[in-house]
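Reading the structure
Here are the chains, one letter per residue:
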Amino acid sequence: EWGVRLFIFSMLRKMRKRGLNQKQMILVGYSRAAEEYIDRIQQNPQWGYVVRGILDDNVPAGTVYNGIKVIGRIANLSVILPANRLDEIAITLGLSEYYRLEEIVGMCEKSGVHTKFIPDYNKIIPTKPYTEDILGLPVINIRRVPLSDPLNAMMKRAVDIFGALVALILFSPIMLVTAILIKLTAPGPLIYCQERVGLHNRPFKMYKFRSMEVQDPKKEKNQWTSPHDPRVTPIGRFIRKTSIDEMPQLFNVLFGDMSLVGPRPERPFFVEKFKEEIPRYMIKHQVRPGMTGWAQVNGLRGDTSITKRIEHDLYYIENWTLGFDFKILFLTFFKGFINKNAY
């Protein structure tokens, strides 16, 4: 069966490239969606579409886009459809014309011509939306977040708890030695708690081994660490470079504030700053923050581009699978611990 389908598809493709077996169509509505659809049709002649023209009430007849003309007004459908010479109609109305959808769909359905609707929201929704059926009501989701599915979230949480317990057992000797060295070389508390923004924009206390001298919390909360920062202790510099200072976050994972894998959490001061400067920055808070993430294993740690980091975080959020988490954990072991951007 597959062989027959492949043969038929191959024959149709060859015929269409020679101008045979082509489907005649018109577009109803001149919009960004119309232009993008025309671009794709012209880039893929094997689809076999020939666009005869565009009908629109706001753009003058004769206007041309990539060789396709505006041939009249939308009312001309009442003349064009009865002629029965079209194979398809694509409704490509601009957003401001959506009130006409019911009228146009009704005319097309009455004529029996196959009709498709191409929404004009591609520039408004900067991602891949998906449609779900809610008891017969189509609902367009702006962004696909696999971890919003309860089963996926439960599986990830189970892996987090198991992984954090195993990691605490494996790394306990390193953590013990680190704790002793910090106590011997730097007066002050062993563990440093810093407020970060987590899931659903909720603040939480993130734990780290203290790598700096004790300082005024008011000054610290809105200040980045700089190269050769005098506040960093000698042992602190080493544990920051090797990411040992992050190990207490395994307790954050057990408490449910963090995940083993996810976007790295940021301090409230910088969240407020970045959400005004970087589009879609706040999307990262739709999932639990992580000890490591897709951005980090791609070298985006410390003093690196926030914009690129967010791009990687969004890719992770939209493409999450357990396998993707395991891949990031594997990469973290081999190239994620040493942080050349840590000061």
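Just so we're clear, the structure is a prediction, and the values are computed from it rather than from any experiment.

Rules used throughout
- Once a new chain begins, its residue numbering starts again from 1 and follows that chain's sequence as written.
- Totals for whole chains, interfaces and linings use all residues, but because this is a predicted model, local features are given only for residues with pLDDT of at least 70 and pairs of side-chain atoms are given and counted only at 80 or more.
- The basis for every side-chain value is the complete set of non-hydrogen atoms in the structure, without hydrogens or water.
- Three exposure classes are used, based on accessible area relative to the maximum for each residue type with a 1.4 Å probe and protein chains only: buried under 20%, partly exposed in between, and exposed over 50%.
- Every helix listed is a DSSP run of H or I at least four residues long, and every strand listed is a run of E at least two residues long, numbered separately from the N terminus.
- Think of it this way: DSSP has to see at least two bridges between two strands before they count as a pair.
- When the strands point away from the viewer, a crossover counts as right-handed if the route from the first strand across the helix to the second turns clockwise.
- For Phe, Tyr and Trp, rings pair up if their centres lie within 6.5 Å, where Trp contributes its six-membered ring, and each pair is then called stacked (planes under 30 degrees apart), edge-to-face (over 60) or tilted (otherwise).

Let's shift gears to the pairing of strand β2 (residues 49–55). Within β2, six of the seven residues are buried, which leaves it mostly tucked inside the rest of the structure. Bridging between strand β1 (residues 23–28) and β2 involves six bridges; their strand directions are parallel. Counterpart to Ile26 in the pairing with β2 is Gly53. For the crossover that starts at β1, traverses helix α2 (residues 32–43) and ends in the parallel β2, the hand is right-handed. Across two bridges, β2 lies against strand β4 (residues 68–72) in parallel orientation. When the sheet's bridge partners are listed, Leu55 is paired in β4 with Gly72.

What follows covers the packing of aromatic side chains. Within this structure, the stated rule accounts for nine aromatic pairs. Aromatic pair Trp294 and Phe324: ring centres 5.0 Å apart, planes at 65 degrees, arrangement edge-to-face. Of this pair, Trp294 sits in helix α10 (residues 294–297) while Phe324 sits in helix α12 (residues 322–336); the two residues are 30 residues apart in sequence, bridging distant segments of the chain. Taking relative accessible area as the criterion, Trp294 reaches 15% and is therefore assigned buried. Here the aromatic cluster, defined as three or more aromatic residues joined through ring pairs, consists of Phe269, Phe270, Phe274 and Tyr281.

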